[in-house]
Structure formats: C-alpha cells, structure tokens
Amino acid sequence: MLPKKGRKLPIWKGVLGGHDTYAKIVAGLLRKEHGDSHRAVKQLMRQTHASERTVKHWLSAQNGPDTVFFLRLVVSSPVIRAFVLGLIEAPASKPSSVQVDRFSLSAAREAYSAGESAFSVMGRDGRKYDPNRDPNRDPKDDPEPIELNERQHWFLSLVSEGGRCGAKEIMTIWQVSLKTARRDISGLQRAQLLEHIGSRRKGRYRRTVP
C-alpha cells in the first residue's frame, strides 16, 4: 500500500530487505552449490540460459537474478529451492489473506512440474543432459525436422528426375537471391533429403535414399 503523503514507498522490514542483501544471499547460495570457478559459471549458464556476464554478476553479488532467472534457479537448483521453501515455512511468514481459486493453483502446480521435469534428466556429471552436446551421439543421425517450401519441393522433384541443377536454377526460375537459393539447398541437406556427390565444381545433387 502506498503512503498517503510523499513519494517514497514504505521501508520493507522483513527478510531480504534490499537489493544488496538479496544479491549477497543468492551469491552465497550459488557459490555453496557450485563453487566460484569458471566451470560453475558455465553450469549456471546452462541451467538458466543467462549470459556469462550475468552469471558472474550473480556470483560476485553485484546483482541478483531477476524474476525469470530466479524462477529457473528455483526449478534447477536444490539449494535455491530449499532456501525458498525455508522462507515460506519460516515462522515469520504470514498466511495469505487472499484465497487462490483451485484452477489457478492447479495451473501453477502444472507449470512448476513442467519446469522441473525439463531439468530432471541429468548427466553423470550432474549437468542437464543435452543431446546436441553428447559426443557419443552423431547429429547426422538426428536431423532437424523442417517444413519445406515450394522451391524446395520443386528442387527435390527435379533432382529425383535426374536433373542436374543447383542454386542458380532456383534463383533463375523463382526470381530469388542466390543467398536464398543456397539456404533452400542447405535446409534440404540438413533434413537429410539431399546430398552432393562428386567434386565441388563438377559434382551434382541427388535425392537421399531413405
């Protein structure tokens, strides 16, 4: 509630009484869990998708995580989660006088469960498992699904019929830039629908056999 006079908000007398206190507490908790090494910075970057500079500011207590990053830490960090639960269950915490309807409560629980499950699959080193960074998994065996455009369908049809064509043909027929034509072909190769055989100058494209 705003004061009746003046422009300043009332001073909060509860826990985490200021930005500096908040930043110092979070920094201490993160250092307790991860340490203060470069590896700790990288791990927190993976957990929260924050930049390296931002994470370093957290660990040095220059700034505390904003709302979105703090919620990600609540989901991914057992230490931060225990800290939040401790605040909620502390004797100083007051029960809310506002009733929350069961639909909002259910939605909040589902959102939390979804976020927690996103971080539940961990690797042997305690880090979140990322299949794109797994050295034992060849990314060629896991192509990115893409939605083909008309030019790509046309190009695949032409290649399937044995036509010798490339980016210049796409550029000429469809009146697009060479960069766009090359991007179309690159997308087909990433989707494992097209491959280039032979030398760079005298080779040709062919449809990939499933």
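Structure first, text after, so check above.
These numbers were taken from a predicted model, which means no experiment stands behind them.

A. Representation of the pairing of strand S1 (residues 194-197) within the structure. Inspection of the sheet shows S1 paired to strand S2 (residues 204-207) by four bridges, in the antiparallel sense. Its bridge partner lying in S2, Leu194 is registered against Arg207. As consecutive antiparallel partners, S1 and S2 are separated by six residues, and within that stretch Gly198 has a phi angle of approximately 90 degrees, a positive value.

B. Geometry of the pattern of salt bridges. All chains considered together, the criterion is met by four salt bridges. Two residues, Glu52 and Lys42, come together in a salt bridge whose shortest N-O distance is 3.9 Å. With a gap of ten residues between them, Glu52 in helix H3 (residues 52-59) and Lys42 in helix H2 (residues 38-48) connect regions that are remote in the sequence. You can call Lys42 partly exposed: its relative accessible area is 32%.

C. Seen up close, the packing of helix H8 (residues 167-174) against helix H9 (residues 178-190). Running from amino to carboxyl end, H8 crosses H9 at an angle of 120 degrees, the nearest separation of the two axes being 8 Å. Looking at the two axes, H8 sits oblique to H9. Helix-helix and strand crossings are classified by hand; for H8 and H9 the assignment is right-handed. Residue-level inspection shows Ala167, Lys168, Ile170 and Met171 of H8 in contact with H9, the latter providing Leu178, Ala181, Arg182, Asp184 and Ile185. Of the residues contributing to the contact of H8 with H9, the split by class is six nonpolar, no polar and three charged.

D. Just the side chain of Ser76, in detail. Structurally, Ser76 is set in helix H4 (residues 67-76). On the accessibility criterion, Ser76 (14% relative accessible area) is buried. Engagement of the side chain of Ser76 in a polar contact is seen with the side chain of Gln47, the distance being 3.0 Å.

Cut-offs and rules
Residues numbered from 1 in each chain as written. Predicted model: local features only at pLDDT ≥ 70, side-chain atom pairs only at ≥ 80, totals over all residues. Heavy atoms only, no water. Pairing = 2+ DSSP bridges. Helix = DSSP H or I, 4+ residues; strand = E, 2+ residues; numbered from the N terminus. Salt bridge = Lys/Arg side-chain N within 4 Å of Asp/Glu carboxyl O. Buried < 20%, exposed > 50% of the residue type's maximum accessible area, 1.4 Å probe, protein only. Axes fitted to C-alpha atoms, helices over the stretch in contact; angles between N-to-C directions. Parallel < 35°, antiparallel > 145°, perpendicular 65-115°, else oblique. Left-handed = near helix turned anticlockwise from the far one by under 90°. Contact = heavy atoms within 4.5 Å. Nonpolar A, V, L, I, M, F, W, Y, C, P; charged D, E, K, R; others polar. Polar contact = N/O pair within 3.5 Å; in protein donor to acceptor, adjacent residues only side chain to side chain.

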